[in-house]
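# Structural overview
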Amino acid sequence: MTLGETLERNGISRRGFLKFCVTTASLMALPPTAATAIAEALASARRPSVIWLSFQECTGCTESLTRSFAPTLENLILETISLDYHHTLQAAAGEAAELAREQAMHANEGKYLLVVDGSLPGPGSNPGYSTIAGISNLQMLEETVAGAAAVVAVGTCAAFGGLPVADPNPTGAVPVSAVVRDKPVINVSGCPPLPMVITGVLAHYLTFGKLPELDEYGRPLAFFGQSIHDRCYRRPFYDKGRFAETFDDEGAKKGWCLYRLGCKGPMAYNACATMKWNGGTSWPIESGHPCLGCSEPDFWDAGGFYKALSVPTGNIGGTAAVAGLAGVAAGAVGGYLSGRAKKDARTAHRQVTADELEQKL
Amino acid sequence: MSTDNTVTANTAAASESGSALGPFSLERGLQALREEMDAPTAAFFSSCVHCGLCAQSCPFFVETGDPKYTPIHKLEPLRRLWEQEFTLWGKLKARLGFSQPIDDALLEEWEPLLYDSCSMCGRCSLVCPVGNDIQAMVRKTREGMVASGHSPEGLIAASVRAVNTGSPMGLQWKTLDVQIGHVESASGLTVPIDQAGADYLVLLSSMEIINFPEYLEAIAKIFAHAGVSWTLSKDCFEATNAGVQIGSKDIAAVLVRRVVDAAVKLGVKNVISPECGHAYTGIRWEGPNVIGQRYPFKVFHIIEVLDQLRADGRLRTEGMETDRLSMHDPCNLARKSGVIDEQRNLMKLVAEDFVDMKEHGKYQWCCGAGGGVSSNERAEELKMAAFRRKKAQIEEIRPDRLVTMCATCRTQLEEGLEEYTMDIPVVGLTEMIAEHLVEDAPPTAAAPVKEGAPS
Ligand code: SF4
Ligand code: SF4
Ligand code: SF4
Ligand code: SF4
C-alpha cells in the first residue's frame with residue numbers, strides 16, 4: 001500500500017494532505033511549486049522501513065512526536081512509514097521484538113532509515129549502564145547502523161548527549177555522531193524536538209531521495225538556520241533595551257524581552273518561534289518563560305536557566321560558546337551602529353521641497 | 001583628498017547625470033534610506049524566509065507571473081543598504097569587495113518596481129508568515145527614490161501642484177465654487193463655507209470634484225437630513241496627499257499641516273476624509289507622524305460618520321435597491337484601517353440583494369490603481385494587468401452593479417470594466433445612501449434613538 005492510499009483510508013482528504021505538503025515546503029524554505037513534488041512523492045511512496053532505537057532517554061521525544069496533538073497528519077505519516085521496530089510503540093516483546101528488528105534489517109538492507117533517540121554509554125565506559133535484551137546500546141547501534149541508509153538522531157540526547165552527558169556524565173555518555181562515522185547523521189535536536197521537524201526531514205528524504213542541507217552541527221538548516229532571537233516577537237523590546245527583570249514586574253506584564261531572566265534565544269537555533277508548540281498554540285516565550293536553548297549542545301551546563309545569557313562551559317560546547325559570544329557581540333555592534341548611523345542620517349537630512357521637485361520636470 | 005573609489009565613482013556619476021537628477025543625488029538618496037532604517041526594518045529583512053507567499057498575494061505578480069514583481073524583491077535597494085551598512089557580515093563583505101553597489105543604475109531599474117507595480121495595498125504585509133510589513137517598507141524605500149531623483153514624473157508633477165495650487169490635479173477654490181453653485185441650485189440647500197465652530201470639517205478629493213460631483217450633493221443632503229453641523233474650508237479643501245504617494249515625508253508634512261491649520265482656524269472637533277482610501281490613511285495614520293504632533297481633532301472616513309449616524313438613528317431611509325449588488329473594499333479603508341463592517345451595515349439599510357466577493361474585507365484584492373499608480377502614466381499597462389484579479393473576483397459572482405467608497409478605486413473599476421466590455425455600473429456608497437433618505441423629514445434630533453446611543 002502507498003502512503004497516499006493509507007492516508008485516504010484513514011480519512012485524510014487530499015486537500016488536507018496537500019495543505020500539509022505546502023506547509024512542509026514553506027517550512028523548508030522551498031519554493032511553493034515544491035509542494036506538488038512533495039505531494040506526488042509522498043503519495044506514491046511505498047512505506048519506507050524505519051527502525052527506531054531508544055537508548056538513554058526519557059521518552060519525551062517519542063511523546064512529542066506521537067502524542068503531542070493527536071491525531072494529526074504528522075503522526076499518521078509516522079505511523080504509515082513502516083515502523084518495523086520501536087521499543088516503546090511496538091506490540092511485540094522479548095525475542096519476537098528482536099526478531100522483528102533483524103528481519104527488517106535483512107529485508108531492507110542498505111535502504112532503511114535508522115532513527116535513534118537517547119545517548120549511549122561510549123566505547124570506553126561500562127556497557128552495563130544501558131542494555132536492551134542483554135545487548136549493549138553500543139553493540140546494537142553498530143549492528144543496526146551497518147545496513148542503514150542514514151541515521152536520524154532525534155532529540156538533544158541523541159544529537160549532542162543531552163541530559164546524560166551533563167556534568168559529571170556518570171555513564172560516560174556520547175551522542176550518536178560520536179559512534180557513527182561512515183553514514184550520514186542528521187541531528188534533529190531539541191528537548192524534545194518539534195514534531196514537524198522530524199516529519200519534515202522524512203518528507204524531504206522521501207521526496208528528493210536525499211537528506212536536507214545541514215548546519216555545522218548536522219541539523220537541517222531549514223529548521224535550525226535562524227536563532228530563536230532572530231524570530232522572536234519580543235525582539236523589538238530587546239532592540240529598544242526594554243527587559244523584564246522579574247517574572248511579575250511591569251515589564252513582564254507588558255511582554256518585554258526576557259533576556260535578563262535568562263533567555264537563551266540569542267544562542268538557540270530552533271524553529272519554535274515560527275512553528276510554535278501544540279499545534280501552533282503557543283511557545284515558551286509567548287507564555288512568558290525564557291528559552292532554555294534546549295536545541296544546543298550542552299544546554300544543561302549553560303550556567304543556570306535563569307541567569308542572563310551565559311555560554312556552555314563544557315568541551316563539546318567550545319564552538320557553541322564562541323558562536324554564542326560572537327552572536328551577542330554582533331548583535332550589540334549592530335545595535336550600536338544602527339543607532340549612530342541613524343542619528344547621523346537625521347542630522348544630515350535635507351528637506352525635499354516642491355521647488356526642488358519642480359526642477360526635475 | 002579621497003582615496004575611496006566608490007565615493008569618487010558615485011560623485012562622478014552624479015555630476016554626469018546632474019541635470020536629469022536636478023538637485024537630487026545618489027548620496028542624498030542613500031542618506032534618506034539610512035534615515036528610514038530602524039529596528040523593525042532590520043528585523044524584517046533578517047526574518048524573511050523566502051517563502052514566496054508575498055508573491056502569491058500581490059496582484060501585480062499574480063497577474064503578470066513575472067518574479068521581479070515579488071513584493072520583497074521590490075525592496076532590494078533598501079535591503080542592500082541594510083546588509084551593507086547595518087550588518088556585520090555585510091560590512092565584512094563590503095570590505096572584501098564582494099558586495100554589489102547601490103548606484104543610480106540600480107535605482108533606475110527599481111523605480112518601476114517601487115512605483116509602477118505597487119499600489120501599497122498591503123496584502124503582502126497581511127500574508128507574510130513572519131509578519132514583515134512589506135508595504136510599509138515600500139513606503140520607506142520611496143523616500144530614498146525621491147531624494148535620489150528616481151521618482152516618476154506623474155507623481156512629481158502631482159506633488160508640485162499639490163503644494164503650489166492646493167490640489168494634485170491643479171484645481172483651485174474657484175472650480176469648487178462653481179460646483180458648489182450647482183449643488184446649491186440642484187438641492188435647494190446651502191453649502192456651509194468657513195463656518196467657525198462647526199462639528200465637522202469636510203474635505204474632498206480633486207478626483208471627486210471633477211469626476212463625481214454627486215458626492216458633494218449627497219453629503220449636503222445627508223447632513224441636512226441628519227442635522228449635522230459641517231463646513232468646507234476655503235483654505236484647504238483637498239484631502240489627498242501626494243507626498244504620501246510619492247514617498248516624501250517633507251512634502252506630506254506640508255500638506256498635512258494645511259489641513260491641521262484649517263481645522264484649528266475654524267475650531268472644528270472632527271475632520272472628515274472623503275470617499276478616498278489613501279487620503280484617509282494619509283491624514284488619519286501617517287499625518288500625526290509626519291508633523292510629529294497630535295491633532296486637536298478626530299479624523300473619520302465619511303463611511304464611519306454615516307455608520308455612526310445610522311447607529312444613532314439619525315439616518316432614516318426608505319425603499320430598497322433590488323438588483324444584485326456587490327462591493328469593492330478600498331485597501332486603505334478595509335485592510336489597512338479595519339473599516340469593514342461599517343459599509344456593510346449601510347448596505348443593509350438600502351440593498352435587498354447584496355453579495356460579498358469571495359475574498360473581501362481585509363482579504364480583498366486591490367483594484368490596482370492605488371499608491372500613486374494611477375497618477376503615473378508609465379504604469380498604465382501594469383495597472384490594467386493588476387485589475388484582472390479584481391475582474392476575476394467580479395466575474396465569480398456576477399453582480400448587476402458595484403458599490404465602492406473611494407474615488408480612485410471607482411475610476412479604476414469603471415475604466416477596467418469598460419476595457420473588458422463588462423456592463424457593470426459603479427456607484428459611490430454615500431450617493432446611494434443619499435438617494436434613499438426619507439424626503440422632507442424634519443431634522444432628526446428628536447428621532448427614535450437606538451439604545452446605547454448618546455441622546
Ligand atoms: S532575548 Fe529571548 S525574549 Fe528577548 S528577544 Fe531574544 S529570544 Fe526574545
Ligand atoms: S523555546 Fe528554546 S528551550 Fe524551548 S523548545 Fe524551543 S529551543 Fe528549546
Ligand atoms: S512572505 Fe515574508 S517571509 Fe515570505 S518571502 Fe515574502 S517577505 Fe519573505
Ligand atoms: S503592497 Fe500590494 S501591490 Fe505592493 S507589493 Fe504588496 S501586495 Fe503587491
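Residues numbered from 1 in each chain as written. Chains lettered and ligands numbered in written order. Predicted model: local features only at pLDDT ≥ 70, side-chain atom pairs only at ≥ 80, totals over all residues. Heavy atoms only, no water.

- The name given to chain B in an unreviewed UniProt entry is Fe-S oxidoreductase, and the organism recorded there is Thiorhodovibrio frisius.

### Regarding the overall build of chain A
- When you go through chain A residue by residue, the secondary structure sums to 17 helices and 9 strands.
- In chain A, which comprises 361 residues, the share counted as buried stands at 51%.
- A fraction of 73% describes how many contacts in chain A between residues 6 or more apart in sequence connect residues 24 or more apart. (Helix = DSSP H or I, 4+ residues; strand = E, 2+ residues; numbered from the N terminus. Buried < 20%, exposed > 50% of the residue type's maximum accessible area, 1.4 Å probe, protein only. Contact = heavy atoms within 4.5 Å.)

### Focus: the overall build of chain B
- Scanning chain B from N- to C-terminus turns up 23 helices and 8 strands.
- In chain B, which comprises 455 residues, the share counted as buried stands at 58%.
- Residue pairs at least 24 apart in sequence account for 82% of intrachain contacts in chain B once pairs closer than 6 positions are excluded.
- When the accessible area of chain B is evaluated, it comes to approximately 18300 Å², of which 52% is carbon and sulfur surface. (Areas by Shrake-Rupley, 256 points an atom, 1.4 Å probe, with all protein chains shown as cover.)

### Regarding the packing of helix α17 (residues 249-266) of chain B against helix α18 (residues 277-291) of chain B
Residue and element names in this part refer to chain B.
- At a closest axis distance of 9 Å, the pairing of α17 and α18 adopts a crossing angle of 105°. Overall, the two elements α17 and α18 adopt an arrangement that is roughly perpendicular. Contacts from K249, A252, A253, V256, R257, V259 and V260 in α17 reach I283, G287, V290 and I291 in α18.
- Partitioning the contact of α17 with α18 into residue classes produces 8 nonpolar, 1 polar and 2 charged. (Axes fitted to C-alpha atoms, helices over the stretch in contact; angles between N-to-C directions. Parallel < 35°, antiparallel > 145°, perpendicular 65-115°, else oblique. Nonpolar A, V, L, I, M, F, W, Y, C, P; charged D, E, K, R; others polar.)

### Description of the site of ligand 2
- What surrounds ligand 2 is the set N270, C272, W277, P284, C291, L292, G293, C294 and S295 of chain A.
- Residues of the shell around ligand 2, tallied by class, amount to 6 nonpolar, 3 polar and no charged. (Near = heavy atom within 4 Å.)

### Topic: the nonpolar core
- Grouped together as the largest cluster of nonpolar side chains are 50 residues, with contacts concentrated most on L357 of chain A together with F60, L81 and Y115 of chain B.
- Formed by 46 residues, the second largest nonpolar core is a distinct cluster that contains I272, V305, V403 and A434 of chain B. (Core = buried A, V, L, I, M, F, W, Y, C linked by side-chain atoms within 4.5 Å.)

### Overview of the site of ligand 3
- Taken together, the neighbourhood of ligand 3 is formed by C48, V49, H50, C51, G52, C54, I72, C128, P129, V130, N132 and I134 of chain B.
- Looking at the shell around ligand 3 residue by residue, the class counts come to 9 nonpolar, 3 polar and no charged.

### Focus on the interface of chain A and chain B
- Listed per partner, the contact involves 30 residues of chain A and 36 residues of chain B.
- Interface area for chain A against chain B, summed over the two sides, is near 2900 Å², with a carbon-plus-sulfur share of 62%.
- Of all residues in chain A, V352, L357 and K360 of chain A give up the largest surface area on contact with chain B, accounting jointly for 23% of the area buried on that side.
- Between chain A and chain B we count 1 salt bridge in total.
- Taking the shortest distance from any N to any O, the salt bridge between E356 of chain A and R28 of chain B comes out at 2.9 Å.
- On the surface where chain A and chain B come into contact, there are 8 residue pairs in polar contact (both at pLDDT 80 or more).
- Breaking the side of chain A that touches chain B down by element, the ones donating at least two residues are α12 (228-231), α16 (318-347) and α17 (354-359) of chain A.
- Looking at side-chain class alone, the side of chain A that touches chain B contains 12 nonpolar, 8 polar and 10 charged residues. (Buried area = accessible area lost by both parts, 1.4 Å probe. Salt bridge = Lys/Arg side-chain N within 4 Å of Asp/Glu carboxyl O. Polar contact = N/O pair within 3.5 Å; in protein donor to acceptor, adjacent residues only side chain to side chain.)

### Let's talk about the sheet that holds strand β8 (residues 426-428) of chain B
Residue and element names in this part refer to chain B.
- In spatial order, the strands read β6-β5-β7-β8; together these 4 strands make up an open sheet with parallel pairing. Looking at which strands have only one partner, the edges of the open sheet turn out to be β6 (351-354) and β8. Pairwise comparison of adjacent strand axes, ignoring direction, gives a mean angle of 45° for this sheet.
- Its contacts with the sheet place helix α20 (residues 341-350) against β5 (321-327), β6 and β7 (401-404), and it is angled at close to 120° to β6. (Pairing = 2+ DSSP bridges.)

### Quick look at the pairing of strand β4 (residues 298-301) of chain B
Residue and element names in this part refer to chain B.
- Residues V299 and H301 line the buried face of β4, whereas the alternating positions K298 and F300 sit on a face that is not buried.
- Direction of pairing for strand β3 (residues 270-273) relative to β4: parallel, over a ladder of 4 bridges. Considered in β4, the bridge of S273 is made with H301.
- Crossover connection from β3 via α18 to parallel β4: handedness right-handed. (Right-handed = clockwise from strand over helix to strand, strands pointing away.)

### Looking at the pattern of salt bridges
Residues and elements named next belong to chain B.
- Within this structure, the stated rule accounts for 44 salt bridges over all chains.
- Among the ionic pairs, E143 bridges to R139, the shortest N-O distance being 3.0 Å. Separated by 4 residues within a single helix, E143 and R139 lie in helix α11 (residues 134-147), roughly one turn from each other. Accessibility assignment for this pair places E143 and R139 in one class, buried.
- When salt bridges that share partners are traced, they join E35, E36, D38, K140 and K249 into one network.

### So, the packing of helix α9 (residues 104-115) of chain B against α11 of chain B
Residues and elements named next belong to chain B.
- Two elements in contact, α9 and α11, have axes separated by 11 Å at closest approach and are oriented at 140°. Between α9 and α11, the interaxial angle falls into the category oblique. Note on packing geometry: the crossing formed by α9 with α11 is left-handed. Along its contact with α9, which presents L107, W110, E111, L114 and Y115, the element α11 presents V138, T141, R142, M145 and V146.
- Of the residues contributing to the contact of α9 with α11, the split by class is 7 nonpolar, 1 polar and 2 charged. (Left-handed = near helix turned anticlockwise from the far one by under 90°.)

### Some remarks on the environment of P152 of chain B
- Within the fold, P152 of chain B resides in the loop between α11 and α12 (153-165).
- Those residues within four positions of P152 of chain B in sequence are excluded, and the remaining contacts are E111, Y115, N376 and R378 of chain B.

### Considering the environment of G122 of chain A
- Along the chain, G122 of chain A falls in the loop between β4 (120-121) and β5 (131-132).
- If near-sequence neighbours (up to four positions away) are discounted, G122 of chain A is found in contact with T171, G172, A173 and V174 of chain A.

### Some thoughts on the packing of aromatic side chains
- Scanning all chains against the criterion turns up 16 aromatic pairs over all chains.
- With a centroid separation of 5.9 Å and 80° between ring planes, the pair formed by F160 of chain A and Y217 of chain A is classed as edge-to-face. Of this pair, F160 of chain A sits in helix α8 (residues 155-160) while Y217 of chain A sits in the loop between α10 (195-208) and α11 (221-224); the two residues are 57 residues apart in sequence, bridging distant segments of the chain. In this pair, the class of F160 of chain A matches that of Y217 of chain A, namely buried.
- Ring pairing ties together the aromatic residues Y238, F243 and Y259 of chain A, which thus form one cluster.
- In this structure, R123 of chain B packs its charged tip against the face of W365 of chain B, placed 3.6 Å from the ring centre. (Phe/Tyr/Trp six-rings, centres within 6.5 Å; stacked < 30°, edge-to-face > 60°. Lys NZ or Arg CZ within 6 Å of the ring centre and 35° of its normal.)

### Overview of the sheet that holds β4 of chain B
Residue and element names in this part refer to chain B.
- One open sheet accounts for 4 strands, arranged β2-β1-β3-β4; its pairing is parallel. A single partner strand is all that each edge strand has here, and the edge strands are β2 (230-231) and β4.
- Summarising the sheet, strand β1 (residues 200-202) and β2 pair through 2 bridges and their orientation is parallel. Within β2, the residue paired with L201 across the bridge is T231.
- This element, helix α19 (residues 302-311), spans β1, β3 and β4 of the sheet and lies at about 90° to β4.

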